[in-house]
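Structural characterization, general
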Amino acid sequence: TVWFNDSLKMEPNLIMTIVVGGAIMAFLFAIAATMLTGRFSSSESTPYPLPKVNFMTLWKEILLLALILWPAVYFLAGYLIAWQFEAIRLYYSGSVVMESFFTMMKANFATGLYFFQIFRGFLWVLIAMIVISTSTGSWLHRGLILGLLLSFLGSSQLLLPNPIMPEMVRIGHLIETSTSSFIWGFILTWFLKKIIPVTQDVSQQNQISNLLDSQVTHKII
């Protein structure tokens, strides 16, 4: 938002209010979600610690995701979804002319927006690693959770009309960010599954262990 403030024309106090308000809401949501899932009190639902990871493989995946894949998702979604809205082109560029994707990418490199997205890419990977490593279930299940988290939480402020963006600009960005964030969640999960193992709840592991022990005991008897 701050990067595109030349078009948004938001006062510094308003930007600070949005940032602080968003931080408070995120903190309260995290506390509420943790309490509802019982992660505060139940040690049985904590996944097993992650095994040792090959840091060379880890960094290769992180660099691929942050330097290439996230910028690709961001800029392709921006061009193929948001930039197809005439209102968005007029709002940000002052013209309704539909320039080519390569022309826009040259401008993104020249202004430094591409490199700013790399910084955001590292943040998304960090968040994804935390979410995936503390979740249980199949990779499809984890991808769905991460995709929905990024999509709904990341686009929630665009769900209602606001005094900053014209209506069609808001709707265009809502479609763009919700769709691309959901896809991005699955991409993150797919690549990180190579370095983050599938875990089960300790309670589930104990049930399996007890079942195997009972079967062994029965055979011995």
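As shown above, the structure is provided for reference.
Fair warning: this is a prediction, and the values are worked out from it, not measured in the lab.

1. What to know about the packing of helix α7 (residues 139-155) against helix α8 (residues 167-192)
Running from N to C, α7 and α8 point in directions that differ by 150°, and their axes come no closer than 7 Å. What the angle tells us is that α7 and α8 run roughly antiparallel. The interaxial crossing formed by α7 with α8 has right-handed handedness. Seen from α7, the contacting residues are Trp139, Leu140, Arg142, Gly143, Leu144, Leu146, Gly147, Leu148, Leu150, Ser151 and Ser155; seen from α8, they are Leu174, Thr177, Ser178, Ser181, Phe182, Trp184, Gly185, Phe186, Leu188 and Thr189. Residue classes in the contact of α7 with α8 are distributed as 11 nonpolar, nine polar and one charged.

2. Overview of the packing of aromatic side chains
Within the structure shown, the criterion is met by 15 aromatic pairs. These aromatic residues form a ring-pair network of at least three members: Trp70, Tyr74, Phe75, Phe109, Tyr114, Phe115, Trp124 and Trp184. Of note, Arg142 hangs over the ring of Trp139, and the distance from its end group to the ring centre comes to 4.7 Å.

3. Points about α7
Taking 1.5 Å of rise per residue, 17 residues should cover 24 Å, and α7 covers 23 Å from first to last C-alpha, within 8% of that figure. The inward-facing, buried residues of α7 contact α6 (113-133) and α8.

4. Let's talk about the packing of helix α5 (residues 101-111) against α6
Direction vectors running N to C along α5 and α6 enclose 75°, while the axes themselves pass 5 Å from each other. As the angle between them shows, α5 and α6 are arranged roughly perpendicular. Along its contact with α5, which presents Met105, Asn108, Phe109 and Thr111, the element α6 presents Leu113, Tyr114 and Phe115. For the contact of α5 with α6, the residue count by class is five nonpolar, two polar and no charged.

Rules and cut-offs
- Residues numbered from 1 in each chain as written.
- Predicted model: local features only at pLDDT ≥ 70, side-chain atom pairs only at ≥ 80, totals over all residues.
- Heavy atoms only, no water.
- Axes fitted to C-alpha atoms, helices over the stretch in contact; angles between N-to-C directions.
- Helix = DSSP H or I, 4+ residues; strand = E, 2+ residues; numbered from the N terminus.
- Parallel < 35°, antiparallel > 145°, perpendicular 65-115°, else oblique.
- Left-handed = near helix turned anticlockwise from the far one by under 90°.
- Contact = heavy atoms within 4.5 Å.
- Nonpolar A, V, L, I, M, F, W, Y, C, P; charged D, E, K, R; others polar.
- Phe/Tyr/Trp six-rings, centres within 6.5 Å; stacked < 30°, edge-to-face > 60°.
- Lys NZ or Arg CZ within 6 Å of the ring centre and 35° of its normal.
- Expected span 1.5 Å × (residues − 1).

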